[in-house]
Amino acid sequence: MWGVADKGIEHRRDPRQQEHDVAGDDFSPLRFADDVVWILDQTRLPREESWLECRTTEDVAAAIRRLSIRGAPAIGVAAAYGLAVAVRRDGDSAYDDARALLAATRPTAVNLRWALERADAVRAVSGDSLGEALLALARELHAHDIECNKRIGAHGARLFRAGDRVLTHCNTGALATAGYGTALGVIRAAHAAGTLDLVWVDETRPLLQGARLTAWELQRLDIPFRLVTDSTAGALMARGLVDRIVVGADRIARNGDTANKVGTYTVAVLAHRHRVPFYIAAPRSTIDPRAASGADIPIEERDATEVTTVFGNDIAPPGTPALNLAFDVTPADLIAGIVTEVGVLEPPYEASIATALAHPGMR
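What counts and how
Residues numbered from 1 in each chain as written. Predicted model: local features only at pLDDT ≥ 70, side-chain atom pairs only at ≥ 80, totals over all residues. Heavy atoms only, no water. Helix = DSSP H or I, 4+ residues; strand = E, 2+ residues; numbered from the N terminus. Buried < 20%, exposed > 50% of the residue type's maximum accessible area, 1.4 Å probe, protein only. Contact = heavy atoms within 4.5 Å. Phe/Tyr/Trp six-rings, centres within 6.5 Å; stacked < 30°, edge-to-face > 60°. Lys NZ or Arg CZ within 6 Å of the ring centre and 35° of its normal. Pairing = 2+ DSSP bridges. Axes fitted to C-alpha atoms, helices over the stretch in contact; angles between N-to-C directions. Arc of directions from axis to C-beta. pLDDT = per-residue confidence, 0-100. Right-handed = clockwise from strand over helix to strand, strands pointing away.

Novice: I'm lost on the side chain of Ser68 in this one. Help?
Specialist: If you trace the backbone, Ser68 turns up in the loop between helix 1 (57-65) and helix 2 (72-90). Look at Ser68 and you get buried, because its relative accessible area is 0%. With near-sequence residues (within four places) excluded, Ser68 lies in contact with Ile39, Leu40, Asp41, Gln42, Thr43, Leu52 and Ala63.

Encoded structure:
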């Protein structure tokens, strides 16, 4: 639908996946079985639920590039499985090329680098069993992310009051993670606690992750929501229809500046204007201690045709030039709190982030 071609990856519905539903706590958009990484192709949602059968690192890398698998935490876990596939298939000598291929797929999501660096550490001590060690790491990261997300949800739900209406941008649910979700995990937990009244879902141009994916998840979770155009967010806040905002993150700098799907910064500015608390929800693996501020975060620029077309149909005159920034950076002073698996971080973020990274259990 969008992005690069499938590179020969086979689409089919894996019978082992049919028993899993997004409403269940065990749902994940990727699984590993019989040396195959199964990835739910999110470019085909909501019209079709189709799984990619990824047998090589090239298959996994292509799935990441074309957004079949997306969301910073999910990308990191997919990359870990991609490395395991390469070494188990072609031997230890395949590691370096596979790592380089995966590292080049998406520049902004820091969880990708985080996962690859953990694989480097495993390689350094694995001896003759690198393939098995990498697979064990991938499974550990997979389970750990789901556990972190449920903790994020529990901490974030405490920010809600009875009858709250929340606005979210892009997709941050099970589809964007190893399972359960970050910002959408907070929304799930608030709904379970009985404090959530309604979710306002930004459509999220140009790839419509809100309309296609968040709406798909919320429908299956039986959580009340309404879909709006991105440009409606300000009008909702001006009318007093939004009580708080929760979004995800692809990279968080040491000072709290946060990169997320393009359009997030606009929502944060509007929230500041209307005094609506604006929260980030992300695991600590999304924090980049090497980035002092948002100025150090690379911003991916994607193919301009994602802006000039929708579902393969031209919406602009032929030859129209377009800029397609995939992310923007929200300054820390617009963020009321950063919800992590160890609690809600508050300003000053330099101090609270440093404390969170030093907390036991950081991997």
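Once you've had a look at it, read on.
Novice: How do you make sense of the packing of aromatic side chains when you look at a structure like this?
Specialist: Any pair of aromatic rings gets described here by the distance separating the centres and the angle formed by the planes. Going through the model one piece at a time under the given rule, you end up with one aromatic pair. With 5.6 Å between their ring centres and 5° between their planes, Phe32 and Tyr81 make a pair best called stacked. With Phe32 in strand 2 (residues 30-33) and Tyr81 in helix 2, this pair connects stretches of sequence that are 49 residues apart. The class of Phe32 is buried, set by a relative accessible area of 12%. The buried category is assigned to Tyr81, whose relative accessible area is 4%. Across from the ring centre of Phe160, 5.6 Å away, lies the NZ or CZ of Arg244, which sits over that ring. Here Lys261 stacks its cationic end above the ring of Phe327, 4.8 Å away from the centre of that ring.

Novice: For this particular structure, what's the right way to read the sheet that holds strand 14 (residues 327-330)?
Specialist: Hydrogen bonding along the main chain pairs the strands of a sheet, whether they run parallel or antiparallel. Pairing within the open sheet is antiparallel, and its three strands lie in the order 9-10-14. The sheet is open, and its two borders are formed by strand 9 (251-252) and strand 14, each paired with just one other strand. Contacts between helix 9 (residues 264-274) and the sheet are confined to strand 10 (258-261) and strand 14, with strand 14 contributing the most and set at about 30° to the helix.

Novice: Please clarify how helix 9 should be interpreted in this entry.
Specialist: Where helix 9 is concerned, the buried positions are Thr264, Val267, Ala268 and Ala271. Mapping the buried residues of helix 9 onto a view down its axis gives an arc of 100°, with all of them on the same face. Backbone geometry just downstream of helix 9 places Arg275 in the positive-phi region, at approximately 60°.

Novice: For this particular structure, what's the right way to read the confidence of the model for the protein?
Specialist: Keep in mind that low pLDDT regions are not for reading the predicted coordinates in detail. For the protein, per-residue confidence averages 93 on the pLDDT scale, and residues scoring 70 or more make up 92% of the total. Low pLDDT, under 50, characterises residues 1-8; the stretch is placed with 24 contacts to residues that sit more than four places away or in other chains.

Novice: Could you clarify how one ought to interpret the pairing of strand 8 (residues 244-247) in this entry?
Specialist: Successive side chains on a regular strand alternate, one facing one side of the sheet and the next facing the other. Judged by which residues are buried, strand 8 turns out to be covered on both faces: Arg244 and Val246 on one side and Ile245 and Val247 on the other are all buried. Inspection of the sheet shows strand 5 (residues 164-168) paired to strand 8 by two bridges, in the parallel sense. The residue bridging Leu167 from the neighbouring strand is Ile245, located in strand 8. The pairing of strand 8 with strand 11 (residues 278-281) spans three bridges and is classified as parallel. Residue Val246 lies in a different strand from strand 11, and its bridge partner there is Tyr279.

Novice: Explain the pairing of strand 5 here, please?
Specialist: Burial of strand 5 is extensive: four of the five residues sit out of reach of the surface. As paired strands, strand 5 and strand 6 (residues 196-202) are joined by five bridges and run parallel to one another. Counterpart to Arg165 in the pairing with strand 6 is Leu198. The parallel pair strand 5 and strand 6, bridged by helix 6 (residues 183-193), forms a crossover whose chirality is right-handed.

Novice: I tried to follow the sheet that holds strand 8 on my own but got confused; where do I start?
Specialist: Taken in spatial order, the seven strands line up as 7-6-5-8-11-15-16 in an open sheet, and their pairing is mixed. At either end of the open sheet lies a strand with only one pairing partner, and these are strand 7 (225-228) and strand 16 (343-345). Strand-to-strand, the axes of this sheet are offset by a mean angle of 25°, without reference to chain direction. Contacts from helix 5 (residues 130-157) reach strand 11, strand 15 (337-340) and strand 16 within the one sheet, and its direction differs from that of strand 15 by about 140°. Strands strand 5, strand 6, strand 8, strand 11 and strand 15 of the sheet are contacted by helix 6, whose axis makes an angle of about 155° with strand 6.

Novice: What is the right way to look at helix 3 (residues 95-103) in this model?
Specialist: Turn by turn, an α-helix covers 3.6 residues, leaving residues three or four places apart pointing in a common direction. Taken together, the buried positions of helix 3 are occupied by Tyr95, Ala98 and Leu102. Axial view of helix 3: buried residues confined to an arc of 70°, hence all on one face. Against the buried residues of helix 3 lie helix 1, helix 2, helix 4 (110-125) and helix 5.

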